[in-house]
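Structure assessment
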Amino acid sequence: MRIVCALLGSLLLLPASASAEDFPARQIRLIVPFPAGGPNDIIARVIGQRMSEIIKQPVIIDNRGGQGGVLGTEVLTKASPDGYTIAISSAGALAISPTMEKVAYDPLKDLQAVTLVAKVPEMLVVASNVPAKNMSELIALAKAEPGKLNFASTGPGSLPHLAGELLKLSAKIDIVHVPYRGAAPALNDMLGQQVQMVFLDLPVLLPQIKSGGLRAIALGAPQRAPTAMDVPTTTEVGVPDVQAENWYGMVAPAATPAPIVARLNQIATEAMRDPVVKEKLAIQGAELVGDSPEHFHAFMESEIARWAKVIKDAGVPTEK
């Protein structure tokens, strides 16, 4: 009887093992929950191309923009959990929106973490007419004139918005939030000196810093960026709690079998180790990571908790 049970158990395991060994046997759909041309899309296309070369199967980019990445991420939760539909989504959709608004998924229950793909630090800059040259001067200026300085963002609940709120909490200053619909209009008004400061992705700001249109104050990351080594981190300038990095992670539907998840992780991390991939994405200011599914799940969990606390402590209005 024991022998029969053992044989039956082995037979039950065969399909999963075989499918994992054969995976992928056809093209993979890689959902990008943003329109073509943005940072999320560029990162996905560079990594997807290298993954395609590794597995010798097409990796098709499927742009599903809308609601700050939420709609495309929701599409993934309804896909077949066979590894052939995955996504590279962002910090907003995976860690912030579930607290800020009503979304049709729980990122920790309805999605399977595959790997943290990349981090892109947020940089705090001020307009050229702001007299502050560094963080201590900026904080002093804000404390001398409470409620008179303002900061731009790419919209309520966006990472630039919450980074500004985190700065308010950490430095105990009163600055006014001015939301915009995206980085471009916020940047235009920064250059026009209609708003005084903003946190944005490093690559977006570098050309304006180099031209003198904006002044860099600090980088919201643990280490200085290779493309802006002269800009200190928030830790170096006395506000270590102000850590703000945009990040992108590969996820799959929740019920995707563990062997398939492990194979996807292997393919993606191999793609990220490629020197050409690293070089292309370094230009975008992206620091490639490539960790285990378990580590990425724990990271998502910590990010959800961290930003939920900022939202609560800052009194940010939510739709929930």
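Residues numbered from 1 in each chain as written. Predicted model: local features only at pLDDT ≥ 70, side-chain atom pairs only at ≥ 80, totals over all residues. Heavy atoms only, no water.

1. Digging into the nonpolar core
To be explicit about the condition: To form a nonpolar core, buried Ala, Val, Leu, Ile, Met, Phe, Trp, Tyr and Cys residues must be joined to one another through side-chain atoms within 4.5 Å. Think of it in three bands: with a 1.4 Å probe and only protein chains considered, a residue is buried below 20% of the maximum accessible area for its type, exposed above 50%, and partly exposed in between. Helix and strand definitions follow DSSP, with helices as H or I runs of at least four residues and strands as E runs of at least two, each counted in order from the N terminus. In what follows, a contact means two residues having at least one pair of non-hydrogen atoms within 4.5 Å.
Among the nonpolar cores identified, the biggest contains 52 residues, and Met123, Leu124, Met135, Leu138, Leu167, Ile175 and Met197 are the most heavily contacted of them. Per-element accounting of this core gives the leading share, six residues, to helix α6 (residues 159–171). If we ignore the near neighbours within four places in the chain, the residues touching Leu124 are Met135, Leu138, Leu167, Met197, Val198, Phe199, Arg215, Ala216, Ile217 and Ala218. Within the second largest apolar cluster, 35 residues are counted, among which are Ala20, Ile28, Leu30 and Ala44.

2. Describing the packing of helix α4 (residues 91–100) against helix α11 (residues 293–314)
Put simply, the rule reads: Axis lines are fitted to C-alpha atoms, over the contacting stretch for helices. Their N-to-C directions set the angle, which ranges from 0 to 180 degrees. For classification purposes, an angle smaller than 35 degrees is called roughly parallel, one larger than 145 roughly antiparallel, one from 65 to 115 roughly perpendicular, and anything else oblique. We call a crossing left-handed when the near helix sits turned anticlockwise from the far one by less than a right angle, and right-handed when that turn is clockwise.
Two elements in contact, α4 and α11, have axes whose closest approach is 8 Å; the angle formed by their N-to-C orientations is 40 degrees. Overall, the two elements α4 and α11 adopt an arrangement that is oblique. Crossing of α4 over α11 shows right-handed handedness. For the pair α4 and α11, contact is made by Leu94, Ala95, Ile96, Thr99 and Met100 and by Phe296, Met300, Glu303, Ile304, Trp307, Ala308 and Ile311, respectively.

3. Some thoughts on the pairing of strand β1 (residues 28–32)
Selection criterion: DSSP-based pairing: two strands are paired if at least 2 bridges between them are found. Crossovers are described as right-handed under a simple rule: with the strands pointing away from the observer, the path leading from the first strand over the helix to the second runs clockwise.
Taken across its five residues, β1 has four buried, putting it largely inside the fold. Note: β1 against strand β2 (residues 59–63), five bridges, orientation parallel. Residue pairing for β2: Ile28 is matched across the bridge by Val59. Each parallel crossover has a hand, and the one from β1 via helix α2 (residues 39–55) to β2 is right-handed. Both β1 and strand β3 (residues 85–90) contribute to a ladder of three bridges, which runs parallel. Paired with Leu30 across the strands is Ile86, a residue of β3.

4. Some remarks on the pairing of β3
Taken across its six residues, β3 has six buried, putting it largely inside the fold. Side chains of β3 alternate between two faces, with Thr85, Ala87 and Ser89 and Ile86, Ile88 and Ser90 buried alike. Looking at chain direction, β3 and strand β9 (residues 245–253) are connected through four bridges and run antiparallel. Residue pairing across strands places Ser89 opposite Gly249, the latter belonging to β9.

5. Describing helix α7 (residues 183–191)
Operational definition: What the arc measures is the spread of directions leading from the helix axis to the C-beta atoms.
Residues Ala186, Leu187, Asp189 and Met190 constitute the buried set of α7. Buried residues in α7, looked at end-on, bunch into an arc of 165 degrees, giving them a common side. Exposed and oriented more than 90 degrees from the buried face of α7 are Ala184 and Asn188. Packed against the buried residues of α7 are β4 (111–127), β5 (150–153), β7 (197–201), α8 (202–211) and β8 (214–219).

6. Thoughts on the confidence of the model for the protein chain
Do not read the fine detail of predicted coordinates wherever pLDDT is low. Condition: What pLDDT conveys is the predictor's confidence in a given residue, as a value from 0 to 100.
Chain-level statistics for the protein chain give a pLDDT mean of 93 and a share of 94% at 70 or above. Low pLDDT, under 50, characterises residues 1–18; the predicted model gives this stretch zero contacts beyond four residues in sequence or across chains.

7. Details of the pattern of salt bridges
Here is the rule we go by: Just to be clear on terms, a salt bridge is a Lys or Arg side-chain nitrogen sitting within 4 Å of an Asp or Glu carboxyl oxygen.
A full pass over the atoms with the stated rule returns eleven salt bridges. A salt bridge links Arg306 to Glu303, with the shortest nitrogen-to-oxygen separation between them at 3.1 Å. Here the residue Arg306 and the residue Glu303 both occupy positions in helix α11, the gap between them amounting to three residues, near one helical turn. By relative accessible area, Arg306 is classed as partly exposed at 27%. It is possible to trace a salt-bridge network through shared partners that takes in Arg29, Asp62 and Arg64.

8. Considerations on the side chain of Asp274
Rules: As used in this structure description, the phrase polar contact means that two N or O atoms lie within 3.5 Å; if the pair is within protein, one of them must be able to donate a hydrogen and the other to accept it, and residues adjacent in sequence are counted only when both atoms belong to side chains.
Position of Asp274 relative to the elements: it lies in the loop between α9 (258–272) and α10 (275–282). For Asp274, the side chain forms a polar contact with the main-chain nitrogen of Val276, separated by 2.9 Å.

9. Looking at α4
Counting buried positions along α4 yields eight of ten residues, so the element is predominantly enclosed. If you follow the buried residues of α4, they end up packed against α3 (70–77), β3, β4, α6, β9 and α11.

10. Side note on the packing of aromatic side chains
This is how it is decided: Aromatic rings from Phe, Tyr and Trp, with only the six-membered ring used for Trp, were paired whenever their centres fell within 6.5 Å, and each pair was classed as stacked if the ring planes differed by under 30 degrees, edge-to-face if by over 60, and tilted otherwise. Lysine NZ or arginine CZ positioned within 6 Å of the ring centre and within 35 degrees of the ring normal marks a charge as sitting over the ring.
What the rule picks out here adds up to three aromatic pairs. Look at Trp247 and Phe296: their rings are 6.0 Å apart centre to centre, the planes differ by 90 degrees, and that puts the pair in the edge-to-face class. Placement of the pair is Trp247 in strand β9 and Phe296 in helix α11, with a sequence separation of 49 residues. Each member of the pair, Trp247 as well as Phe296, carries the same accessibility label: buried. Seen in terms of ring centroids, Trp247 and Phe299 are 5.1 Å apart; in terms of plane orientation they differ by 70 degrees. Their pairing is edge-to-face. Pair noted here: Trp247 is in strand β9 and Phe299 is in helix α11, with a separation of 52 residues, a long-range link. Take Trp247 and Phe299: they sit in the same class, and that class is buried. Every member of this aromatic cluster is reached through a ring pair, and the members are Trp247, Phe296 and Phe299. Over the ring of Tyr84 we find Arg26; its NZ or CZ atom is 3.7 Å from the centre of that ring.

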